[in-house]
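# A look at the structure
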Amino acid sequence: MSDTLITSLCEFDDMNVLVWVVAATLAISLTAWIGVLSLFLNEDLLDDLLLLLVALAAGSLIGGAFLHLLPRAIAETGTSDTVGLFLWLIVGFCTFYVLEQFIGWHHHHVATHDNETVSYLVLVSDALHNFIDGVVIAGSFLTSVQVGLVTTLAIALHEVPQEIGDYGVLLYGGFEPRRALVLNYVTQATVIVGGLVGVVVADAVGGLPTALLAFAAGNFVYIASADLVPEIKRSQSGRRAVLHFLVFAAGILLMLGVRILRGWLG
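Residues numbered from 1 in each chain as written. Predicted model: local features only at pLDDT ≥ 70, side-chain atom pairs only at ≥ 80, totals over all residues. Heavy atoms only, no water.

### Section: the overall build of the chain
Each helix and strand in the chain was counted, giving ten helices and zero strands. For the chain, the α and β elements follow one another from N to C terminus as α-α-α-α-α-α-α-α-α-α. Taking all 266 residues of the chain together, the buried fraction comes to 48%. About 12,300 Å² of surface is accessible on the chain, with carbon and sulfur atoms providing 69% of the total. (Helix = DSSP H or I, 4+ residues; strand = E, 2+ residues; numbered from the N terminus. Buried < 20%, exposed > 50% of the residue type's maximum accessible area, 1.4 Å probe, protein only. Areas by Shrake-Rupley, 256 points an atom, 1.4 Å probe, with all protein chains shown as cover.)

Rendered as structure tokens:
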């Protein structure tokens, strides 16, 4: 299987896209190492910081889905097959629902005690999640470099708090710090494999990149609405709730600003 993948990559026509996909997924994989910050911060301070990052990530994912991915997918296909695109969005939404509901995959953004069995489940499910992220990144770069960069940014903003939380779960599950860090990176590195597989599959199946944009939008909407927003809604003080909403709105405005800037640059 690995020989087939390597052969297909060597025969891929647009090496520039391949370089972008590899660079983007490699950058995403490096976010796993940020988990080491949890060793140096007070737990309460870490949780407060993570919730701000969660709010920013939620806004960025919503903005990325509705201001970038869906408009670009519709522009690529025209108005003739918008129903098909929205079906792909629903598939993307439902895929992550199934992962969370039936396979046990879920996000960890605050320090929680866990056992080693659950920690292994977190590793397996995160590896699958990161693989899907890689496929999505590949599809976005195959559409355009600009869409690829926006998608990578939205995923990266989401991955930072997730990786810190996942690392904490592994530590509380009984893993040694160094082993937890290495295992966390190994699962995160599956995003690179997903990116390469996405390039090969999209090259073989015409029209897949556009479908992947809608699929990614469904992923983004699910993660933001089902996982991230509920966490920031738990704020017990009115001041903190307002702060979280403002940071959430800042994430949306960030994506809007990127879209406006992209329009100015042509």
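### Brief notes about the packing of aromatic side chains
On inspection of all chains with the given rule, the structure shows five aromatic pairs. Here Tyr97 and Tyr222 contribute two aromatic rings whose centre-to-centre distance is 6.4 Å and whose plane-to-plane angle is 80 degrees, an arrangement assigned as edge-to-face. Highlighted residues: Tyr97 in helix H4 (residues 82-103) and Tyr222 in helix H9 (residues 208-232), separated in sequence by 125 residues. Ring-pair connections join several aromatic residues into one group, and the members of that group are Phe93, Tyr97 and Tyr222. (Phe/Tyr/Trp six-rings, centres within 6.5 Å; stacked < 30°, edge-to-face > 60°.)

### Some words on the nonpolar core
Within the largest apolar cluster, 45 residues are counted, with the highest numbers of intra-cluster contacts made by Leu61, Leu69, Ile137, Phe220 and Leu228. Mapped by element, the contributors of at least two residues to this core are helix H2 (15-29), helix H3 (43-77), H4, helix H5 (116-143), helix H6 (145-172), helix H8 (190-204), H9 and helix H10 (238-265). At twelve residues, the largest contribution of residues to this core is made by H9. Residue contacts for Leu69: discarding those within four places in its chain leaves Gly64, Val147, Thr151, Leu213, Ala216, Ala217 and Phe220. Ranked by size, the runner-up nonpolar core spans six residues in total, among them Leu123, Tyr167, Phe175 and Ala180. (Core = buried A, V, L, I, M, F, W, Y, C linked by side-chain atoms within 4.5 Å. Contact = heavy atoms within 4.5 Å.)

### Digging into the confidence of the model for the chain
In this model, the chain carries a mean pLDDT of 79, and residues with pLDDT of at least 70 account for 77%. When pLDDT is averaged over each element of the chain, H2 comes out on top at 91 and helix H1 (residues 2-10) at the bottom at 54. The low-confidence segment residues 108-115, where pLDDT is below 50, has 28 contacts with residues more than four positions distant or belonging to other chains. (pLDDT = per-residue confidence, 0-100.)

### Focus on the side chain of Thr210
By the secondary structure assignment, Thr210 is in helix H9. For Thr210, a relative accessible area of 12% puts it in the buried group. Beyond its immediate sequence surroundings of up to four residues, Thr210 is in contact with Ala73, Glu76, Thr77, Leu85 and Thr143.

### Some words on helix H7 (residues 177-188)
For H7, spanning twelve residues, the distance from its first C-alpha to its last is 16 Å, which sits close to the expected 16 Å at 1.5 Å a residue. Turning to H7, its buried residues are Ala180, Leu181, Asn184, Tyr185, Thr187 and Gln188. Projection of H7 onto a plane perpendicular to its axis shows the buried side chains occupying an angular sector of 160 degrees, all on one side. (Expected span 1.5 Å × (residues − 1). Arc of directions from axis to C-beta.)

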